[in-house]
Amino acid sequence: VCTAQEAGAASYSQTYLTEPTEEFKANEERAMAFKREQLKQKQAFNTVLTRLVTESKTEDQLVADLKELKFLTIKSGGLPTGLKKDDLVKQVRSKKAKGFWPTPVEYEYQALIREIAFQQSPNTEKDEANPL
């Protein structure tokens, strides 16, 4: 006489695989490709961010770096994995606190922040009932 637990255990022991399926391997490859792409994007962001904080001195350089960060945000559909908005804001604000921060640079900084917010929450549906 076989109990229900023994019958269930017997059926589960037969479902284990000795090697991964082709579907699993394909999913793992896609995951690795995504991770590699995210690392490339993060490296590009960090390169521009480092240049903005350490090297850029003139208004034109600061504006160009902020525009490039905005372009990278649009291109990648948001910030790459591992780069938080708060970390980016802290680094830019540290540069701002050091002194030279003209009005056009502030405009570009605000545009970058708006773009990041939009990419993280793109509310593209219109609410007809709400006038706001």
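Residues numbered from 1 in each chain as written. Predicted model: local features only at pLDDT ≥ 70, side-chain atom pairs only at ≥ 80, totals over all residues. Heavy atoms only, no water.

Colleague: Help me understand the overall build of the protein in this model?
Modeller: Counting its secondary structure elements, the protein contains five helices and zero strands. Reading the protein from its N terminus to its C terminus gives the helix and strand order α-α-α-α-α. Counting across all 132 residues of the protein, residues that qualify as buried make up 26%. Across the protein, contacts joining residues at least 24 apart in sequence account for 72% of those joining residues at least 6 apart. Of the roughly 9900 Å² of accessible surface on the protein, a fraction of 54% belongs to carbon and sulfur atoms. (Helix = DSSP H or I, 4+ residues; strand = E, 2+ residues; numbered from the N terminus. Buried < 20%, exposed > 50% of the residue type's maximum accessible area, 1.4 Å probe, protein only. Contact = heavy atoms within 4.5 Å. Areas by Shrake-Rupley, 256 points an atom, 1.4 Å probe, with all protein chains shown as cover.)

Colleague: How do you make sense of the packing of aromatic side chains when you look at a structure like this?
Modeller: Aromatic rings in a pair are described by how distant their centres are and how their planes are angled relative to each other. Scanning all chains against the criterion turns up one aromatic pair. Pairing tryptophan 101 with tyrosine 109 gives two aromatic rings, centres 6.1 Å apart and planes at 80°, and the pair type is edge-to-face. Comparing tryptophan 101 with tyrosine 109, the two get one shared label, buried. (Phe/Tyr/Trp six-rings, centres within 6.5 Å; stacked < 30°, edge-to-face > 60°.)

Colleague: Got a minute to help me understand the pattern of salt bridges in this structure?
Modeller: As enumerated under the stated definition, the model contains five salt bridges in all. The salt bridge involving lysine 25 is made with glutamate 22; its shortest N-O contact spans 3.7 Å. Of this pair, lysine 25 and glutamate 22 both sit in helix α2 (residues 22-55), three residues apart, which is roughly one turn of that helix. Under the relative-accessibility criterion, glutamate 22 is labelled exposed at 59%. Measuring nitrogen to oxygen at the nearest pair gives 2.9 Å for the salt bridge that ties arginine 51 to aspartate 65. Here arginine 51, found in helix α2, pairs with aspartate 65, found in helix α3 (residues 59-76); they are 14 residues apart in sequence, far enough to count as distant. (Salt bridge = Lys/Arg side-chain N within 4 Å of Asp/Glu carboxyl O.)

Colleague: What is the right way to look at α3 in this model?
Modeller: Think of an α-helix as turning once every 3.6 residues; residues three or four places apart then point the same way. Between the first and last C-alpha of α3 there are 26 Å, a value that for 18 residues agrees with the 26 Å anticipated at 1.5 Å per step. Within the span of α3, buried status applies to Leu62, Val63, Asp65, Leu66, Leu69, Leu72 and Thr73. Those residues of α3 hidden inside the fold are in contact with α2, α4 (85-97) and α5 (103-120). Following α3 by one or two positions, glycine 77 adopts a phi angle in the positive range, close to 75°. (Expected span 1.5 Å × (residues − 1).)

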